[in-house]
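# Remarks on the overall topology
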Amino acid sequence: MQAKYSKDTISMCDTRKKGKEMKIRSMMSCENAVSTVVAAVLLLGIIMSVITVVNVQYIPEWKTAAEQSHMDDVFYDMAGMKNDVDMLSAYVMAEPSTGLSLSVPFRMGGGSLPMFGAGKSGGRLAINDEAFSMHIVATTPYITYSSDVFFVDMGTVSYVSSNNYFVDQKYVYENGALILSQDEYSLMRLSPNMNLRSTDNVTNITFQINAIDMKGPQRSISSNSVEELHLQTNGSEPLHWDGVLFTDVTMTVESSYPSSWESFFERMALDAGIKETDYSINSNSTAVVFFLADTDGGGIKLNVTKTSFDARLNLVS
């Protein structure tokens, strides 16, 4: 016998089947939703891990390299200023009555990285922030000559960095020399306009000095943008010792960087071929004394000039 089912019974079965299908679909939908959430969480975790690694490991290296590159820019700016001053000084020595001026821009800050680190390092540009003086005493068999206060308070231009990652450095321009200072060490990157040579004619040794005097009020600017240094020539004046042959010359340099000047004097004497018995160099924490003697009887000829500049800082941006 075949079982007979009523319409109600069949309807109830269909309803149960549909309910089960809906539950299955609902469970599958929930599983898909959970999978999407898990995938999103995992992806976010990966992204955060990558960002963390980049911030901790790579960005400091990139910022250090960028700030180091900016310090190279600062050196080029300071070297450009020295080159301009040397050229103006030579022109003023030839034409003392001519007044010339120039403006030198300085890139004060750097090291920014678009998208990763827009923050920039900064720096401080200063005029006459440090003391520099020079004294010359020259002797003949009959009389002693002295520069007295002719080279006192010569003036300086300096830049001090304020880096976030790279080691801080300081550049100082004094008496025509460009000095790099880092921690307790210093190095003369560019030499002053001093020339020492040994000759075989009437004078045995010729010592030529063109001193640079930076006049102006003590002032400084701290910035991470571009600042401007304005320079105006203020004449050239020689020490009137022409034609005098000296038996010995003593030059005393008072500077915050005596080791740099000591190395310069040593290199200058060696390059000129001066005998070790004809010169000596002594220094302490604040000064260097360079002594030069003529032991061959030819004498020492001095050619000493001071070129003055008026210096001031102008705010560009």
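Here goes a summary of the coordinates provided. All figures in this text were calculated on a predicted structure; none of them were measured in a lab. (Residues numbered from 1 in each chain as written. Predicted model: local features only at pLDDT ≥ 70, side-chain atom pairs only at ≥ 80, totals over all residues. Heavy atoms only, no water.)

Quick look at the overall build of the protein chain now. A tally of regular secondary structure across the protein chain gives two helices and 17 strands. Classification of the 317 residues of the protein chain by burial places 41% in the buried group. Element-wise, carbon and sulfur atoms account for 55% of the exposed surface of the protein chain, whose accessible area totals about 17400 Å². (Helix = DSSP H or I, 4+ residues; strand = E, 2+ residues; numbered from the N terminus. Buried < 20%, exposed > 50% of the residue type's maximum accessible area, 1.4 Å probe, protein only. Areas by Shrake-Rupley, 256 points an atom, 1.4 Å probe, with all protein chains shown as cover.)

A separate point is the nonpolar core. Counting 40 residues, the largest nonpolar core has Met194, Phe207, Trp261 and Phe265 as its most contacted members. Sort the elements by how many residues they give to this core and helix H2 (residues 258-271) lands first, with five residues. With residues near it in sequence (within four places) discarded, Met194 still touches Met134, Asn175, Phe207, Gln208, Ile209, Met251, Trp261, Phe264, Phe265 and Met268. (Core = buried A, V, L, I, M, F, W, Y, C linked by side-chain atoms within 4.5 Å. Contact = heavy atoms within 4.5 Å.)

Okay, the packing of aromatic side chains next. Within the structure shown, the criterion is met by 13 aromatic pairs. With 5.9 Å between their ring centres and 40° between their planes, Phe75 and Tyr171 make a pair best called tilted. Here Phe75, found in helix H1 (residues 7-94), pairs with Tyr171, found in strand S6 (residues 170-174); they are 96 residues apart in sequence, far enough to count as distant. For Tyr171, a relative accessible area of 3% puts it in the buried group. (Phe/Tyr/Trp six-rings, centres within 6.5 Å; stacked < 30°, edge-to-face > 60°.)

Before going further, it helps to examine H2. Since the α-helix advances by 3.6 residues per turn, residues separated by three or four positions end up pointing in the same direction. Between its terminal C-alpha atoms H2 stretches 20 Å, which fits the 20 Å expected from 14 residues at 1.5 Å a residue. For H2, the full list of buried residues reads Pro258, Ser260, Trp261, Phe264, Phe265, Met268 and Ala269. For H2, the buried positions fall inside an angular range of 160° around the axis, keeping them on one side. Looking one or two places after H2, you find Gly273, whose phi comes out positive at around 75°. (Expected span 1.5 Å × (residues − 1). Arc of directions from axis to C-beta.)

Once that is clear, we can look at the environment of Val226. Considering the arrangement of structural elements, one finds Val226 in strand S12 (residues 226-238). Separated by 117 residues in the primary sequence, Val226 and Gly109 have C-alpha atoms spaced 7.7 Å apart.

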